[in-house]
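One letter stands for each residue in the lines below.
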Amino acid sequence: MKKELTITDVVLISLIAIIAISGEPFLALIVGILSLILITLITEDEKVDIPLNDNHKYSLFMKNKAEYLKSRQWSNKRQEVLNRDKYRCRSCGAYANLQIHHLSHYACIPNEPTSALVALCGTCHTKFHEKYGYPKTYNDYMKWDFSIDTVKNLK
Ligand SMILES: [Zn+2]
Ligand SMILES: [Zn+2]
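Residues numbered from 1 in each chain as written. Chains lettered and ligands numbered in written order. Predicted model: local features only at pLDDT ≥ 70, side-chain atom pairs only at ≥ 80, totals over all residues.

## Focus on the overall build of the protein chain
Thought 1: Secondary structure summary: the protein chain contains six helices and two strands in total.
Thought 2: Secondary structure elements of the protein chain, listed N to C terminal, follow the sequence α-α-α-α-β-β-α-α.
Thought 3: For the protein chain, buried positions account for 11% of its 155 residues.
Thought 4: By sequence separation, contacts in the protein chain at least 24 residues apart represent 60% of the contacts at least 6 residues apart. (Helix = DSSP H or I, 4+ residues; strand = E, 2+ residues; numbered from the N terminus. Buried ≥ 20, exposed ≤ 12 C-beta atoms within 10 Å, placed from the backbone. Contact = placed C-beta atoms within 7 Å.)

## Examining the environment of His105
Thought 1: Secondary-structure assignment places His105 in the loop between strand 1 (98–102) and strand 2 (117–121).
Thought 2: C-alpha separation for the pair His105 and Met142, spaced 37 residues apart in sequence, amounts to 7.5 Å.
Thought 3: If near-sequence neighbours (up to four positions away) are discounted, His105 is found in contact with Glu112, Pro113 and Ala116.

## Things to note about the environment of Pro135
Thought 1: Positionally, Pro135 belongs in the loop between helix 5 (122–132) and helix 6 (138–143).
Thought 2: A residue is classified by how many C-beta atoms lie within 10 Å of it, and Pro135, with 15 of them, is partly exposed.
Thought 3: Excluding residues that lie within four positions of it along the chain, Pro135 makes contacts with Tyr106, Asp140, Tyr141 and Trp144.

## Observations concerning helix 4 (residues 72–84)
Thought 1: A rise of 1.5 Å per residue sets the reference length of helix 4, with its 13 residues, at 18 Å; its end C-alpha atoms lie 18 Å apart and thus fit the reference within 8%.
Thought 2: One or two residues past the end of helix 4 sits Lys86, with phi positive at roughly 55°. (Expected span 1.5 Å × (residues − 1).)

## Describing the nonpolar core
Thought 1: Counting eleven residues, the largest nonpolar core consists of Cys89, Leu98, Leu103, Leu117, Val118, Ala119, Leu120, Cys121, Cys124, Phe128 and Val151.
Thought 2: Listing elements by their share of this core, those giving two or more residues are strand 2 and helix 5.
Thought 3: Considering each element in turn, this core owes the most residues, five residues, to strand 2. (Core = buried A, V, L, I, M, F, W, Y, C linked by C-beta atoms within 7 Å.)

## Let's talk about unusual backbone geometry
Thought 1: Note that the residue after Ile109, namely Pro110, is joined by a cis bond; omega there is 10°.
Thought 2: Relative to the assigned elements, Pro110 resides in the loop between strand 1 and strand 2.
Thought 3: Positive phi is not limited to glycine here, since Lys86 has a value of about 55°.
Thought 4: Within the secondary structure layout, Lys86 lies in the loop between helix 4 and strand 1.
Thought 5: On the basis of neighbour count, Lys86 is assigned to the exposed category, with 10 C-beta atoms found within 10 Å.
Thought 6: In this structure, His105 takes a positive phi of about 65° despite not being glycine.
Thought 7: Residue classification places His105 among the partly exposed residues on the basis of 16 C-beta atoms within 10 Å.

## Quick notes on helix 5
Thought 1: Taken together, the buried positions of helix 5 are occupied by Cys124, His125 and Phe128. Buried residues along helix 5 cover an arc of 105° about the axis, so they all sit on one side.
Thought 2: Its buried side turned inward, helix 5 meets strand 1 and strand 2.
Thought 3: Phi turns positive one or two residues past the end of helix 5, at Gly133, with a value near 85°. (Arc of directions from axis to C-beta.)

## A word on the pairing of strand 2
Thought 1: Burial of strand 2 is extensive: five of the five residues sit out of reach of the surface.
Thought 2: Of the strand pairs in this sheet, strand 1 and strand 2 are connected by five bridges, and their pairing is antiparallel. Within the sheet, the bridge partner assigned to His102 lies in strand 2 and is Leu117. (Pairing = 2+ DSSP bridges.)

Quick look at the structure:
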């Protein structure tokens, strides 16, 4: 990122130059190092204000999602959904190979409500995504919104 020269930078550079010319190279070095630290800190602050483009948002979202799916919070929520769905696939009623599927609320993770989640067996889960597709972009994830009816008739 390109940083524009500010008044502070100009003052500091002038100060370093004056000290260096006046025959205090050690002092100039110290002021120089302090200035670099200060400029780095200011640059870090500026980074926060840069609006994220969709690619940045997507990679940040995917990173958070991956971490969330490894968290205790997710494993507790997963357990809650399995209990609510009585350890059966909400589509075909199978007991084996249960997976938790997001119907909606990706934008809210890790605080999505359990009403946004359903237990599906591996076969029905695959069928769902073959029929309705996969979220592929940041916008797809943010707009991902299906009703419970969509898992009921997966043929
Ligand atoms: Zn099923
Ligand atoms: Zn799914």
